[in-house]
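Structure at a glance
Single-letter residue listing:
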Amino acid sequence: MAITLSESAADHVRNFIAKRGKGLGIRLGVKTSGCSGMAYKLEFVDVASDEDMTFESHGVTVFTDAKSLAYLDGTELDYTKEGLNEGFKFNNPNVKNECGCGESFNV
């Protein structure tokens, strides 16, 4: 079981943490939301929880909970720039369908 970051995503996260001046890493999770059923949650982690599962990828610690990991196992978080748009892209092998806007998914 693992969640990984691409090198460009890890660079982006490290730069953001440096600008914030604090942070242990990022938390990736899922929540019930959107037109397809589930949506990704991404936030900075300043304090770890005893229930956290952690993964190290390109020098960045990724935190998640056991419930979310069931939906995220094997996911790679990438950071892409396409024209004027840039942002994180979730390469999740568990996804069966995504909504048209790309904000939600189901497994």
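Residues numbered from 1 in each chain as written. Predicted model: local features only at pLDDT ≥ 70, side-chain atom pairs only at ≥ 80, totals over all residues. Heavy atoms only, no water.

Per an unreviewed UniProt entry, the protein is named Iron-binding protein IscA, and its organism is Pseudogulbenkiania subflava DSM 22618. Listed in UniProt under the heading Sequence similarities (unreviewed entry), the comment for the protein reads: "Belongs to the HesB/IscA family." Heading Cofactor (unreviewed entry) of the UniProt record for the protein holds this comment: "Fe cation". (UniProt positions renumbered as here; feature names shortened; annotations may be inferred.)

**Quick word on the sheet that holds strand β6 (residues 76–82)**
Overall, mixed pairing links the three strands, which are arranged β1-β6-β7 in an open sheet. The sheet is open, and its two edges are formed by β1 (4–5) and β7 (85–91), each paired on a single side. Strand direction decides the pairing type here: β1 and β6, joined by two bridges, are parallel. Paired with Leu5 across the strands is Leu77, a residue of β6. Running at roughly 85 degrees to β6, helix α1 (residues 7–20) makes contact with β1, β6 and β7 of the sheet. (Pairing = 2+ DSSP bridges. Helix = DSSP H or I, 4+ residues; strand = E, 2+ residues; numbered from the N terminus. Contact = heavy atoms within 4.5 Å. Axes fitted to C-alpha atoms, helices over the stretch in contact; angles between N-to-C directions.)

**Some points on the side chain of Thr64**
In this structure, Thr64 sits in strand β5 (residues 60–64). Separated by 2.7 Å, the side chain of Thr64 and the backbone oxygen of Leu28 make a polar contact. Apart from the residues within four sequence positions on either side, Thr64 is in contact with Ile3, Arg27, Leu28, Gly29, Glu51, Asp52, Met53, Phe55, Leu69 and Leu72. (Polar contact = N/O pair within 3.5 Å; in protein donor to acceptor, adjacent residues only side chain to side chain.)

**Observations concerning the confidence of the model for the protein**
Summing up the model confidence of the protein, the mean pLDDT is 89 and the portion of residues at 70 or higher is 90%. Per-residue pLDDT, averaged within each element of the protein, yields its smallest value for strand β9 (residues 105–106) (70) and its largest for β5 (97). (pLDDT = per-residue confidence, 0-100.)

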